[in-house]
Amino acid sequence: MSAPGQAVLLIGSPRGGRSTSAQLGEVLVAGLKKRGWTATTHVARTAIANTSSWSELERAAAAAELVIVATPLYVDSLPAPLIETFERLHALRRTATPPQAQRLIAVVNSGFPEASQNDTALAICRCFARRAGFHWDGGLALGMGGALSGHAITEHGRTHAVAAALHRAADELAAGGPLSAGAIQALARPMMPVWLYRLIAEVSFRIAAWRYGTRHLGARPYAREDD
Amino acid sequence: MKILLIDGCAVEQPAAAWLAEACRERGWSPTTLNLRALTIASCTGCFGCWLRTPGICVTDDDGREVLKQLVQSDGVILLTPVTFGGYSALLKRALDRIIPMISPFFSTVNGETHHRLRYTRQPRFGALGLMGDDDAVEAQTFRTLVARNALNWHEPRPAVALVRADAGATATRATLQAAFDIAGWK
């Protein structure tokens, strides 16, 4: 077991602390804290919009032994504020590389049932890590992210497998190692059959729209005359 | 063909003009949207464009105009510096705002879950990536990203071209023409 270190949780979701990404990242951080680690949490959207928030992120990222990126999948990639954060951190680190070795991992979730749809976003995180001088310690992918929305990730009920996979990942990171194939596969395992997830998601969309008073979800406001 | 070129380079690049020239050489009518000159806020992830005002983002800024022009074009080509194997933040901010183009409901494409299209006509899709060096991993990641976007776009053959940012006009135009041929763009 390596000595307790300092971690940074960087949340890519524009929804910040209310997001599924934040929930996933916080479970990892809680696992590290149990082993004596300290951690700070930063939201990419806030950091790029606010000078003092950016300074806090910059300082924390320079001092951290481990950076955890927790983000949703946006259009097969990362949300724009997270990419801007990567661009800025990369620019900084070209001139001032921290003296200590630093590790970076990412956990990407999406509303699609297949966890593999997050692979390109993880590849982008890996490219960032390499360019910015972090050692890539692996990426976790979660599908069916909509099933976690509004539900705490606990060791009981339908989120128990997610919690178990994250606890295992936190143990591995605290021990100084990279994420194992076992932890990655455990988080990627579907929480329910694909057909059931799709059915629940589509019914949930219809109920939410009905609550807003929206009736025509298939509207085509910008259609061409020949469409 | 009415082609929309979306320029997501934070600094003006000569490749934007070469891309437009390559389109004109094919007899197409290109229009360039320079994202540096537009005001586009980040997507907030509220799903309002699916559930409250279907097809229209709830944020009223230039992002709406980008989507409108995109939907009404015959083809869309992205221009971006290859950034960690993906798109620049400037371009991505605009792309994150085009999800009103798709429906919240699902369909199956190549055995995977994707969203249904909102419109019956879908523009062709392609990208020109400008590489700062010859990083093979980033080049492959970029190609994969364009292919993944194309799946969600229900575009069977995206046109993807990668050149060095310092490649020059002749090489860039030749790479683009080859990409259009491979993708079968007429």
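Computed from a prediction, not measured in an experiment: that's the story for all the values here. (Residues numbered from 1 in each chain as written. Chains lettered and ligands numbered in written order. Predicted model: local features only at pLDDT ≥ 70, side-chain atom pairs only at ≥ 80, totals over all residues. Heavy atoms only, no water.)

1. Topic: empty space enclosed by the protein
All names here are of chain A. Summed over all chains, the structure comprises three cavities of 30 Å³ or more. The space that makes up the largest cavity amounts to roughly 50 Å³. Taken together, V8, L10, L57, A61, V67, F86, L89, L104, F128 and F134 make up the lining of the largest cavity. Among the elements of the structure, strand 1 (6-11), helix 3 (51-63) and helix 4 (80-95) are those that each provide at least two residues to the lining of the largest cavity. Looking at the lining of the largest cavity, its residues break down into 10 nonpolar, no polar and no charged. (1 Å grid on protein atoms, 1.4 Å probe; cavity = no way out; pocket = protein on both sides within 12 Å on 5 of 7 lines; lining within 4 Å. Points joined across faces, edges and corners; volume = space filled by probe spheres on them. Helix = DSSP H or I, 4+ residues; strand = E, 2+ residues; numbered from the N terminus. Nonpolar A, V, L, I, M, F, W, Y, C, P; charged D, E, K, R; others polar.)

2. Comments concerning helix 1 (residues 20-34) of chain A
Residue and element names in this part refer to chain A. With 15 residues, helix 1 should cover 21 Å at 1.5 Å per step; its first-to-last C-alpha distance of 21 Å lies within 8% of that length. Of all 15 residues in helix 1, 11 are buried; the element is thus mostly enclosed. Every buried residue of helix 1 is accounted for by T20, S21, A22, Q23, L24, G25, V27, L28, V29, G31 and L32. Contacts made by the buried residues of helix 1 are with strand 1, strand 2 (38-43), strand 3 (66-72), strand 4 (103-109), strand 5 (135-142) and helix 6 (160-174). Just beyond helix 1, the residue with positive phi is G36, at close to 90°. (Expected span 1.5 Å × (residues − 1). Buried < 20%, exposed > 50% of the residue type's maximum accessible area, 1.4 Å probe, protein only. Contact = heavy atoms within 4.5 Å.)

3. Some points on unusual backbone geometry
Backbone geometry places M144(A), a non-glycine residue, at a positive phi of 60°. Relative to the helices and strands, M144(A) resides in the loop between strand 5 and helix 6. Its identity is not glycine, yet F47(B) carries a phi of approximately 65°, on the positive side. Tracing the backbone shows F47(B) in the loop between strand 2 (29-34) and helix 2 (48-51). Overall, the relative accessible area of 38% leaves F47(B) in the partly exposed class.

4. Re the packing of aromatic side chains
Throughout the structure, instances matching the rule amount to 12 aromatic pairs over all chains. When the centroid spacing of 5.3 Å and the interplanar angle of 80° are considered together, the rings of F128(A) and F84(B) count as edge-to-face. Of the two residues, F128(A) is situated in helix 5 (residues 119-132) and F84(B) in the loop between strand 3 (75-81) and helix 4 (89-95); the pairing between them involves two chains. Looking at F128(A), the relative accessible area reads 1%, which means it is buried. Every member of this aromatic cluster is reached through a ring pair, and the members are F86(A), F128(A), F134(A) and F84(B). It is R88(A) that lies over the ring of W54(A); its NZ or CZ is 5.0 Å from the centre. (Phe/Tyr/Trp six-rings, centres within 6.5 Å; stacked < 30°, edge-to-face > 60°. Lys NZ or Arg CZ within 6 Å of the ring centre and 35° of its normal.)

5. With respect to the interface of chain A and chain B
Each partner contributes residues to the interface: chain A has 50 residues there, and chain B has 55 residues. Ranking the residues of chain A by area buried against chain B places F205(A), Y222(A) and R224(A) at the top, with a combined share of 17%. Connecting chain A to chain B are six salt bridges. The partner of R131(A) in a salt bridge is D133(B), and the shortest N-O contact between them spans 2.9 Å. Put simply, chain A and chain B have 26 residue pairs in polar contact (both at pLDDT 80 or more) between them. Mapped onto the side of chain A that touches chain B, the elements with two or more residues apiece are helix 4, helix 5 and helix 8 (194-212) of chain A. With nine residues, the top contributor of residues to the side of chain A that touches chain B is helix 8 of chain A. Residue classes in the side of chain A that touches chain B are distributed as 26 nonpolar, nine polar and 15 charged. (Buried area = accessible area lost by both parts, 1.4 Å probe. Salt bridge = Lys/Arg side-chain N within 4 Å of Asp/Glu carboxyl O. Polar contact = N/O pair within 3.5 Å; in protein donor to acceptor, adjacent residues only side chain to side chain.)

6. Topic: the layout of surface pockets
Approximately 600 Å³ is the volume attributed to the second largest pocket. Forming the walls of the second largest pocket are 20 residues, and the residues nearest its centre are H90(A), R94(A), P81(B), V82(B) and T83(B). Top contributing element to the lining of the second largest pocket by residue count: helix 4 of chain A, with four residues. Each residue belonging to the lining of the second largest pocket can be placed in one class, and the counts come to 10 nonpolar, five polar and five charged.

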